Amino acid sequence: MPRPYRQLDLAERRTIFRLLNAKMPVARIAQELGRHRSTVHREIRRNHFHGQREYAGYYALNAQELAGERRRRQRKLRRDRNLRDYIIAGLERCWSPEQIAGRLRQEAGDVGSVCHETIYRYVYGPEGREAGLHRHLPKARRRRQPRYGRKPRRSPIPASRAIQHRPTEVGDHQTFGHWEADLLIFRREHGKANLTSMIERQTRYTILLPNPDRQSSALIERIGRAWQGLPAGSCRTVTFDRGTELAAYAVLTRTSGTEAYFCDPHSPWQKGAIESTNGRIRRFLPGDRNLAELADDELRRVTSRLNGTPRRCLGYRTPHEAFQAQLATLPRAA
């Protein structure tokens, strides 16, 4: 029967330090300790001292302290029940670990604080896995993986509407009134119903519009109606992909003065705000959802949840708070 794994202790770390100074290969060090060579490799890599160049290296006491500090950070949520309950409640409200950590710092209450990486380690640790906490994360994956964007469809768009001609002020998220929009498609067997998702780039304020099909003129008309009543300057530009369902974009310019621009083919990152928001929306409205059964109240609840979640890019204000603050600075339409 194999022995249960145990952490390296200070005596073993002193042995590693001594044998490394003697220029012994890692495989021989592992043999001396009765450990797997991968264990020794990881130990040296994780606890290597990276200070001044002449002092860089592996030191037993420093390695022991670094390993202890990592274990203390991992135990923080196990020890502090109030902090753990706050974080689990935030996850169940579909807040991301970054949003939870930022809100804790903003509230500065008695619960305490924790960094988002500690929350991720807890979620993907033994207790978090047993509780299924990964299901509440934005991507709900069992393992942490890189994100991949989908490729937009091609569409014939005039060169004058290419994203390169968009005002330069749009790119830095510092000017209010610039939007991105996209279409959320669902399973074909449920019919042609879809959703238009729109986000204001500076405040991350989101609007969701249901569509019975992908007919372009009706779709663009709904976007225009959604902006009616907003002050002048709140809808300056909108950035789309090249889908044929957006071919009637010129209606927006005629009715609301909003200039439309289009991403390059296969370049969804050029409208990254809405691509990221679509991922958040899919948590509540997955691709296999039948939109014919989606009540207006439920769609409003989803929109309210997106706009009521604190965001790091907004100083942990909510998009609703940031959007209303910007609207208050604009003159109302007569």
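Since the model is a prediction, treat every value here as computed from it, not as a measurement. (Residues numbered from 1 in each chain as written. Predicted model: local features only at pLDDT ≥ 70, side-chain atom pairs only at ≥ 80, totals over all residues. Heavy atoms only, no water.)

**Student:** Help me understand a nonpolar patch on the surface in this model?
**Tutor:** On the surface, Phe49, Tyr55 and Tyr59 cluster together to form a nonpolar patch covering roughly 290 Å² of accessible area. Mapped onto the fold, tyrosine 55 is located in the loop between helix H3 (37–46) and helix H4 (60–79). (Patch = residues over 30% accessible without salt bridge, like charges linked within 9 Å, V, L, I, M, F, W, Y side chains within 5 Å. Areas by Shrake-Rupley, 256 points an atom, 1.4 Å probe, with all protein chains shown as cover. Salt bridge = Lys/Arg side-chain N within 4 Å of Asp/Glu carboxyl O. Helix = DSSP H or I, 4+ residues; strand = E, 2+ residues; numbered from the N terminus.)

**Student:** How do you make sense of the packing of aromatic side chains when you look at a structure like this?
**Tutor:** For the coordinates displayed, the defined rule picks out 8 aromatic pairs. Here the aromatic rings of tryptophan 179 and phenylalanine 323 are separated by 6.2 Å at their centres, their planes lie at 75 degrees, and the arrangement is edge-to-face. Taken together, the positions of tryptophan 179 in strand S1 (residues 178–185) and phenylalanine 323 in helix H13 (residues 319–327) put the pair 144 residues apart, joining distant regions of the chain. Tryptophan 179 gets classed as buried once you look at its relative accessible area, which sits at 0%. Linked through ring pairs, Phe176, Trp179, Tyr205, Trp227 and Phe323 together constitute an aromatic cluster. The lysine or arginine in question, arginine 161, covers the ring of tyrosine 261, its NZ or CZ lying 4.8 Å from the ring centre. Here arginine 282 stacks its cationic end above the ring of phenylalanine 186, 4.8 Å away from the centre of that ring. (Phe/Tyr/Trp six-rings, centres within 6.5 Å; stacked < 30°, edge-to-face > 60°. Buried < 20%, exposed > 50% of the residue type's maximum accessible area, 1.4 Å probe, protein only. Lys NZ or Arg CZ within 6 Å of the ring centre and 35° of its normal.)

**Student:** Please explain the pairing of strand S2 (residues 194–200) as it appears in this structure.
**Tutor:** When a strand is regular, its side chains alternate between the sheet's two faces. A large share of S2 lies buried, amounting to 7 of its 7 residues. Burial of S2 is two-sided: the residues Asn194, Thr196, Met198 and Glu200 facing one way and the residues Leu195, Ser197 and Ile199 facing the other way are all buried. Two strands pair when backbone bridges link them, and S1 and S2 are joined in this way by 7 bridges, in the antiparallel orientation. Pairing of alanine 181 across the sheet is with methionine 198, part of S2. Judged from the 6 bridges that link them, S2 and strand S3 (residues 206–211) form a sheet pairing that is antiparallel. Bridge pairing in S3 places serine 197 opposite leucine 208. Connecting S2 to the next strand, S3, in antiparallel fashion are 5 residues, including arginine 204 with a positive phi near 65 degrees. (Pairing = 2+ DSSP bridges.)

**Student:** Sorry if this is basic, but what is going on with the pairing of S1 here?
**Tutor:** Counting buried residues along S1, 7 of its 8 residues qualify, which places the element largely inside the surrounding structure. Across 3 bridges, S1 lies against strand S4 (residues 237–240) in parallel orientation. In the sheet register, histidine 178 faces S4, and the bridge partner there is threonine 237.

**Student:** Sorry if this is basic, but what is going on with helix H9 (residues 216–227) here?
**Tutor:** At 3.6 residues per turn, the α-helix brings residues three or four places apart onto the same side. Across its 12 residues, H9 extends 17 Å between first and last C-alpha, which sits within 8% of the 16 Å expected from 1.5 Å per residue. Of the positions making up H9, those classed as buried are Ser216, Leu219, Ile220, Arg222, Ile223, Gly224 and Trp227. Where H9 is buried, its residues contact S1, S2, S3, S4 and helix H10 (250–256). Glycine 229 occupies a position one or two residues after H9 and carries a positive phi of about 90 degrees. (Expected span 1.5 Å × (residues − 1). Contact = heavy atoms within 4.5 Å.)

**Student:** Whenever I open this one, the nonpolar core confuses me. Can you help?
**Tutor:** Generally speaking, nonpolar side chains in soluble globular proteins are found buried as a group. If you look at the biggest cluster of nonpolar residues, it comprises 25 residues, and the most contacted ones within it are Trp179, Met198, Ile220, Ile223, Trp227, Val238 and Phe240. Considering every element that reaches this core, the biggest residue donor is H9, with 4 residues. Filtering out sequence-adjacent residues up to four positions away, valine 238 remains in contact with Trp179, Glu180, Ala181, Trp227, Leu252, Thr258, Glu259, Ala260 and Tyr261. Counting residues in hydrophobic clusters, the runner-up holds 16 residues, among them Leu104, Val114, Ile119 and Leu137. (Core = buried A, V, L, I, M, F, W, Y, C linked by side-chain atoms within 4.5 Å.)

**Student:** What am I meant to see in the packing of helix H2 (residues 26–33) against H3 here?
**Tutor:** Relative placement of two packed helices is described by the angle separating their axes and the distance separating the axes. Axis separation between H2 and H3 bottoms out at 8 Å; the angle between their running directions is 110 degrees. Relative to H3, the element H2 is oriented roughly perpendicular. Of the two elements, H2 crosses H3, and the hand of that crossing is right-handed. Contact residues: H2 offers Val26, Ala27, Ile29, Ala30 and Leu33, while H3 offers Arg37, Val40, His41 and Ile44. Of the residues assigned to the contact of H2 with H3, the class counts are 7 nonpolar, 1 polar and 1 charged. (Axes fitted to C-alpha atoms, helices over the stretch in contact; angles between N-to-C directions. Parallel < 35°, antiparallel > 145°, perpendicular 65-115°, else oblique. Left-handed = near helix turned anticlockwise from the far one by under 90°. Nonpolar A, V, L, I, M, F, W, Y, C, P; charged D, E, K, R; others polar.)

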